[in-house]
Amino acid sequence: MSTTDSNSTYWRRKLDAFLHDNPGKALDIPNHELRALALRLKEQLDEQEYYDKEADFQASAADRLSFPHAGKLVAPFDARENPFHHPLDGSLSYRSDQRLTADLIDEISQGNRTHLDESDVRTDFIARWRFWRQWAPEHAPALAFFPADTRIPDHTIWNHMGLTSAFQGCLDRDPQNRPALLLFSIGPVQPLIEAARRIGDLWSGSYLLSYLASTALGAIAKTFGPDHVLFPSVWGQPLIDLQLRDIYQQGRVRSDQKETLWNQLWRDQGRSRQHFLLPSLPNRFLALLPASEAESFARHLESTVRQALLDIGKSVSDTLAPLKHADLGPGAFHPERLRPQLEATLEIAWRTLPLPVTIEEAESWGKDHLPDNANGGPHASLAALDRLRRMWSSIPNGHHTGYGMTNSATAWPVIFSLLSWALDAAKNTRLFDAWGEVPRWEFGKDREKDQLTGKEEIVLMVPEDAEAARDLSKCLGDDNPNLLRANERLGALTLVKRFWHLAYLQPTYGFRKEDFRMPDTHQLAKGLPFSTESGKDADDEGPGYIAALALDGDEMGKWISGEKTPPLRSQLHPKAVKYFEENLPADGSITAGEFLDAPRPLNPSFHLQFSEALANFGLYAASRIVEAHNGRLIYAGGDDVLALLPADQALACAADLRAAFRGEGDRLASLTRYWNAHDGTPVDGKKLFATSQRGFLRLHEDLAQGGALAGEPLKYDVIVPGPRADVSAGIAIGHARSPLQDLVRSARLAEKRAKADYRRGAVAVSIFKRSGEQVHWGAKWAADSGDAASGLTFLEQLLRHQEALKGRFAYKLMELLQVYLGNPDLHFADRTADCDPAFAENASAIVERELAHCLDRAGAKALIPGFTETFQAYWRGLDHRFESDPKDPSPPPPPSPQAIALDKLRDFFRLLQAYAWLARAEPTLPAHPSPPTTPPLP
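What counts as what
- Residues numbered from 1 in each chain as written.
- Predicted model: local features only at pLDDT ≥ 70, side-chain atom pairs only at ≥ 80, totals over all residues.
- Heavy atoms only, no water.
- Helix = DSSP H or I, 4+ residues; strand = E, 2+ residues; numbered from the N terminus.
- Buried < 20%, exposed > 50% of the residue type's maximum accessible area, 1.4 Å probe, protein only.
- Areas by Shrake-Rupley, 256 points an atom, 1.4 Å probe, with all protein chains shown as cover.
- Pairing = 2+ DSSP bridges.
- Axes fitted to C-alpha atoms, helices over the stretch in contact; angles between N-to-C directions.
- Contact = heavy atoms within 4.5 Å.
- pLDDT = per-residue confidence, 0-100.
- 1 Å grid on protein atoms, 1.4 Å probe; cavity = no way out; pocket = protein on both sides within 12 Å on 5 of 7 lines; lining within 4 Å.
- Points joined across faces, edges and corners; volume = space filled by probe spheres on them.
- Nonpolar A, V, L, I, M, F, W, Y, C, P; charged D, E, K, R; others polar.
- Salt bridge = Lys/Arg side-chain N within 4 Å of Asp/Glu carboxyl O.
- Left-handed = near helix turned anticlockwise from the far one by under 90°.
- Patch = residues over 30% accessible without salt bridge, like charges linked within 9 Å, V, L, I, M, F, W, Y side chains within 5 Å.
- Arc of directions from axis to C-beta.
- Parallel < 35°, antiparallel > 145°, perpendicular 65-115°, else oblique.
- Phe/Tyr/Trp six-rings, centres within 6.5 Å; stacked < 30°, edge-to-face > 60°.
- Lys NZ or Arg CZ within 6 Å of the ring centre and 35° of its normal.

## A closer look at the overall build of the protein chain
Piece 1. For the protein chain, the count of helices and strands is 34 helices and 19 strands.
Piece 2. Considering the protein chain as a whole, with its 938 residues, one finds that 61% of them fall into the buried category.
Piece 3. Accessible surface, the protein chain: about 37400 Å² in total, of which carbon and sulfur atoms supply 49%.

Have a look at this one:
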């Protein structure tokens, strides 16, 4: 059956599967099938268009536990006393006081579902999947978090409806009714992004990677349906909407409406178009496909992605065609090199795995291929499946259902672990195409390498004369005379990143040149993120430092693999917990405690909701927070964020991004600025975020008059990863004249240092002064209270009182403490041996006394008690750096007290150096006089 035929029954059967449950099922489970039937009857389905119940069975088996017979366990849902549980943190719930009944929900559902009068059946299904879930919560916010199963209310009915229709698509397309999983990866990531001379290049590479991923995901959506993508979340994803533009243009909700579905998404506003230009897709995705087509379609996807890059390259090549007739000199332009270089650019890896026929087959696969855990026991996914099996055998016989532990989809944790293991093995193999013949060595100016990547031979050598370079930019038809800069050596990928938005995106999708407005680094340092790039040399007056901020989720691989799913007990309805406590006897094959306190088994809805939480953070929070701090978001692919900001805004921005990621809305309440992208002006006085329940996010109603787009969460909440998840950030601060790619690379390195040296949940800062001096420091995030106060808390306190402390406070304190660091000419190990044991024993009191002395001399005596308390908490908090990892089977010997004391003092020096720089009135180094000399840091 061909899904390219929009009149096929394929899409109608998927629609029937999508409608097999009604959104209000949780309020009337006994009659939910009749209520769903009432919705489905309006579709006038033929008998051959009915869905296969096996699709529902597979979706349920993959998502839920094997529960006892319904009569033995009844768990009511009311959205208040028995609410939806956050899928990443069962201690958090979404509670609503909105009083809804099953009848009222049916009425809302009927009034807020898509009913397309002018469309084909594919458009009908995709529009129903895309818009019904958006429109219903706008009228009844509680509907966003109605569960699919009240006994384990940690996945929504919308997830279950989409997963069932995805299984239905697989059953229809595979002769043996067998689904398969596809895990697909596109690289390389860093070369595509970091090789950049301008901010526009940095954004362009990030968007190119997301766009290439969207071409593959769009192909899945058009061929099988968007519901077949499990990770990342493609619901409400602008890049996926862009790929489905031709489908949305076909449908109107009613024939008397002039607007198509696409016009409701694409508004003639700067912010609307900017929304579609946000690089927001990661380079890896998971999809559910028919087993018989999975491998061939994966090859098709690889071909699609590679061809998309070549098509983009062709558009750039056409744009550069006038250069063939320009007087550039011999060997300056080599258009014939562009295609071969692009063909060798991408590193694509994928693996497929059919679902096993039986659970036993899945277990056999896992035992043969998956490694044991660190303690020598079975892999976590096998242990999870074993617990389910033992639970099923321990509950009373009369409680079993006929479909119990029989569906192979129950083995989802094992299947996904096997697939991840296979893809990682394929990527580590690093296959490459060898040269057909060994070329002779050639050299000369025309063989120079791209000056940003250092890898590809040049395609274009820009003239050394600045005026000639400007003429060349104008020759290519762009308003920016500095699109090409004098003496640049550019390979194929760099040229694509420089031109593809003008050569490909603008004519293909109808963007405007002003949509690609980018500031230069000098304007960004002044806090003007949407100013037109002037390219003029800025003087050294005023702010001159910018920050690159790289933020990344901690242990995201463990979250995706299911290693960090919350305890099962926290995800169950209280009556389900009580059932297992009463019916799993202590002398059975598994006890209630062993079963309930183990991690929740991995399931497809966890992938859907986890990726949705990441997408919500990236789409609705990241750009707004960065812009509120006068910065420019470069990339927000879920947990991975890259942004450029004025130097003095970076730390606060990083902390706000973390608050949004964790759903801690109180911190975000003070943000009141957004930018009009179309004219580059700020709008102040409008709150951006409403205080929401922890683990969730909502935009403030102040944005309803222009600061938000249709479909954004103004009237309802969306899920974010929550406080059990955390992020680490790296910040690199340098002058606006610093090489941009070096600054970004340093931010990435700082982020890695935050994870390695500070054990994650931390921020690391690197400051590169124009004098050549470097400051590297890091700390745990500022804690909420108590002994865990971090260096960041202490630094923020210093900065709040910088006027009282005077400019030389930090330098005077470091001069007093320098003597305790020992001889700087000695190696650190030698200084440790030379360290007085008395200092090691009394280091905290000594440093505290010197701190109090300097505060007194600065005339800030009134601040001493507060500073002392915060300092003590910070000093104690440094001890975590010396604790051995409890999971390490052979931890190193603990450091000596002298080594610990010196290391903590070194960290305090770095904190003071960071404060001394951040506290300056003018971030740009003055021409006169020089700042005080900082004592050398060992």
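## Re the sheet that holds strand S17 (residues 727–735)
Piece 1. What the 6 strands build is an open sheet, ordered S10-S11-S9-S17-S18-S19; its pairing is mixed. The sheet is open, and its two borders are formed by strand S10 (632–637) and strand S19 (774–780), each paired with just one other strand. Direction aside, neighbouring strands of the sheet carry axes that sit 10° apart on average.
Piece 2. In terms of strand pairing, strand S9 (residues 545–553) meets S17 through 9 bridges, oriented antiparallel. Within S17, the position partnered with isoleucine 546 by the bridge is glycine 734.
Piece 3. Contacting S9, strand S11 (640–646), S17 and strand S18 (762–768), helix H26 (residues 650–662) crosses the sheet at an angle of about 20° to S9.
Piece 4. Together, S9, S11, S17, S18 and S19 form the strand contacts of helix H27 (residues 740–757), whose direction differs from that of S17 by roughly 145°.

## Notes on the confidence of the model for the protein chain
Piece 1. Confidence along the protein chain averages 86 in pLDDT terms, with 90% of residues attaining 70 or more.
Piece 2. Per-residue pLDDT stays below 50 along residues 1–6; that stretch engages in 14 contacts with residues further than four places along the chain or on separate chains.
Piece 3. Taken together, the stretch residues 921–938 has pLDDT below 50 and engages in 38 contacts with residues farther than four places along the chain or on a different chain.

## A word on empty space enclosed by the protein
Piece 1. For the structure shown, the criterion picks out 11 cavities of 30 Å³ or more.
Piece 2. Lining the largest cavity are 21 residues, with Gln274, His275, Leu278, Ser623 and Glu627 positioned closest to its centre.
Piece 3. Those elements that provide at least two residues to the lining of the largest cavity are helix H12 (270–275), helix H25 (604–628) and S10.
Piece 4. Broken down by element, the residue count for the lining of the largest cavity peaks at 4 residues, all from H25.
Piece 5. For the lining of the largest cavity, the class distribution of residues is 12 nonpolar, 3 polar and 6 charged.

## Comments concerning the pairing of strand S3 (residues 179–187)
Piece 1. Within S3, 9 of the 9 residues are buried, leaving the element largely enclosed by the surrounding structure.
Piece 2. By the alternation rule, side chains of S3 split into Pro179, Leu181, Leu183, Ser185 and Gly187 and Ala180, Leu182, Phe184 and Ile186, which are all buried.
Piece 3. Note that S3 and strand S6 (residues 347–354) share 8 bridges and pair antiparallel. Note on S6: the bridge partner recorded for glycine 187 is glutamate 347.

## Considerations on the pattern of salt bridges
Piece 1. According to the stated counting rule, one finds 56 salt bridges in the structure shown.
Piece 2. As a salt-bridge pair, arginine 35 and aspartate 28 come within 2.7 Å of each other at their nearest N and O atoms.
Piece 3. A residue is classified by how much of its surface remains accessible, and aspartate 28, at 12% relative accessible area, is buried.
Piece 4. The structure contains a network of salt bridges with shared partners spanning Arg197, Arg198, Asp201, Glu488 and Arg498.

## Details of the packing of helix H15 (residues 359–369) against helix H16 (residues 380–394)
Piece 1. Their axes nearest at 10 Å, the elements H15 and H16 cross at an angle of 150°. Both H15 and H16 take part in a crossing whose hand is left-handed. Contacts from Ile359, Glu360, Glu363, Gly366 and Lys367 of H15 reach H16 at Leu382, Leu385 and Arg389.
Piece 2. Along the lines of polarity and charge, the residues of the contact of H15 with H16 split into 3 nonpolar, 1 polar and 4 charged.

## Quick look at the environment of arginine 759
Piece 1. Tracing the backbone through its elements, the reader meets arginine 759 in the loop between H27 and S18.
Piece 2. Assessed through its relative accessible area of 35%, arginine 759 is described here as partly exposed.
Piece 3. Along the backbone, arginine 759 and serine 728 are 31 residues apart, and their C-alpha atoms lie at a distance of 9.4 Å.

## Comments concerning a nonpolar patch on the surface
Piece 1. Among the surface-exposed residues, Leu34, Leu37 and Leu41 lie close enough to one another that they form a single nonpolar patch of about 310 Å² accessible area.
Piece 2. Here leucine 34 lies in helix H2 (residues 32–41).
Piece 3. On the basis of relative accessible area, leucine 34 is assigned to the exposed category, the value being 57%.

## Regarding helix H30 (residues 809–817)
Piece 1. Restricting attention to buried positions, one finds in H30 the residues Phe809, Ala810, Tyr811, Leu813, Met814 and Leu817.
Piece 2. Where H30 is buried, its residues contact helix H28 (791–800), helix H29 (802–805), helix H32 (837–857) and helix H34 (897–918).

## A closer look at the pairing of strand S12 (residues 673–676)
Piece 1. In this structure, S12 lies alongside strand S13 (residues 681–684), joined through 4 bridges in antiparallel fashion. Within S13, the residue paired with tryptophan 675 across the bridge is proline 682.
Piece 2. Linking two consecutive strands that pair antiparallel, namely S12 and S13, is a turn of 4 residues; a positive phi of about 70° is found at glycine 680 within it.

## Section: the sheet that holds strand S16 (residues 718–719)
Piece 1. Overall, antiparallel pairing links the 3 strands, which are arranged S14-S15-S16 in an open sheet. Each edge of the open sheet is held by one strand with a lone partner, namely strand S14 (689–690) and S16.

## Structural notes on helix H18 (residues 466–475)
Piece 1. Taken together, the buried positions of H18 are Ala469, Leu472 and Ser473. The buried residues of H18 occupy an angular sector of 100° when projected down its axis, which confines them to one face.

## Focus: the packing of helix H13 (residues 294–319) against helix H19 (residues 492–509)
Piece 1. It is the contact of H13 with H19, at a shortest axis distance of 8 Å, that shows an interaxial angle of 85°. Taken together, the axes of H13 and H19 are roughly perpendicular relative to one another. Contact residues: H13 offers Asp311, Ile312, Gly313, Ser315, Val316 and Thr319, while H19 offers Leu495, Val496, Phe499, Trp500, Ala503 and Tyr504.
Piece 2. Along the lines of polarity and charge, the residues of the contact of H13 with H19 split into 8 nonpolar, 3 polar and 1 charged.

## Some remarks on the environment of phenylalanine 77
Piece 1. Among the secondary structure elements, phenylalanine 77 is positioned in the loop between helix H3 (53–63) and strand S1 (84–86).
Piece 2. For the pair phenylalanine 77 and threonine 150, spaced 73 residues apart in sequence, the C-alpha separation works out to 5.9 Å.
Piece 3. Apart from residues no more than four positions distant in its own chain, phenylalanine 77 is found in contact with Ala26, Leu27, Asn82, Pro83, Phe84, Phe145, Phe146, Pro147 and Thr150.

## Some points on unusual backbone geometry
Comment: phi is negative for the bulk of residues other than glycine, and the bulk of peptide bonds are trans.
Piece 1. Looking along the chain, the bond that leaves glycine 187 and enters proline 188 is cis, with omega of -5°.
Piece 2. By the element assignment, proline 188 lies in the loop between S3 and helix H7 (189–194).
Piece 3. The backbone phi angle of alanine 79 is positive, close to 70°, even though this residue is not glycine.
Piece 4. Phi is positive for asparagine 487, close to 70°, though the residue is something other than glycine.
Piece 5. By the secondary structure assignment, asparagine 487 is in the loop between H18 and strand S8 (489–490).
Piece 6. A relative accessible area of 33% means that asparagine 487 is categorised as partly exposed.

## Section: the packing of aromatic side chains
Geometry of an aromatic ring pair is reported as the spacing of the ring centres plus the angle between the planes.
Piece 1. Within this structure, the stated rule accounts for 46 aromatic pairs.
Piece 2. Taking the centre distance of 4.8 Å and the plane angle of 80° together, the rings of phenylalanine 224 and phenylalanine 297 count as edge-to-face. Of the two residues, phenylalanine 224 sits in the loop between helix H8 (199–223) and strand S4 (229–231) while phenylalanine 297 sits in helix H13, which places them 73 residues apart along the sequence.
Piece 3. With a relative accessible area of 8%, phenylalanine 297 lands in the buried category.
Piece 4. Seen from their ring centres, tryptophan 559 and phenylalanine 610 are 6.2 Å apart, and the 25° between their planes marks the pair as stacked. Residue tryptophan 559 is found in helix H21 (residues 556–561), and its partner phenylalanine 610 is found in helix H25; the two are separated by 51 residues along the sequence. For the pair tryptophan 559 and phenylalanine 610, a shared accessibility class is recorded, and that class is buried.
Piece 5. Through a chain of ring-to-ring contacts, three or more aromatic side chains come together here, namely Trp203, Tyr207, Tyr211, Trp262, Trp266, Phe276, Trp500, Tyr504, Tyr509, Phe511 and Phe516.
Piece 6. Note that arginine 130 overlies the ring of tryptophan 235, its terminal NZ or CZ placed 6.0 Å from the centroid.
Piece 7. Lying over the aromatic face of tryptophan 235, arginine 133 brings its terminal NZ or CZ to 4.3 Å of the ring centre.

## Section: the environment of alanine 659
Piece 1. With respect to the helices, strands and loops of the structure, alanine 659 is situated in helix H26.
Piece 2. Sequence separation of alanine 659 and valine 727 is 68 residues, and the distance between their C-alpha atoms is 9.7 Å.
Piece 3. Leaving out residues up to four positions away in the same chain, alanine 659 has contacts with Glu664, Arg667 and Leu668.

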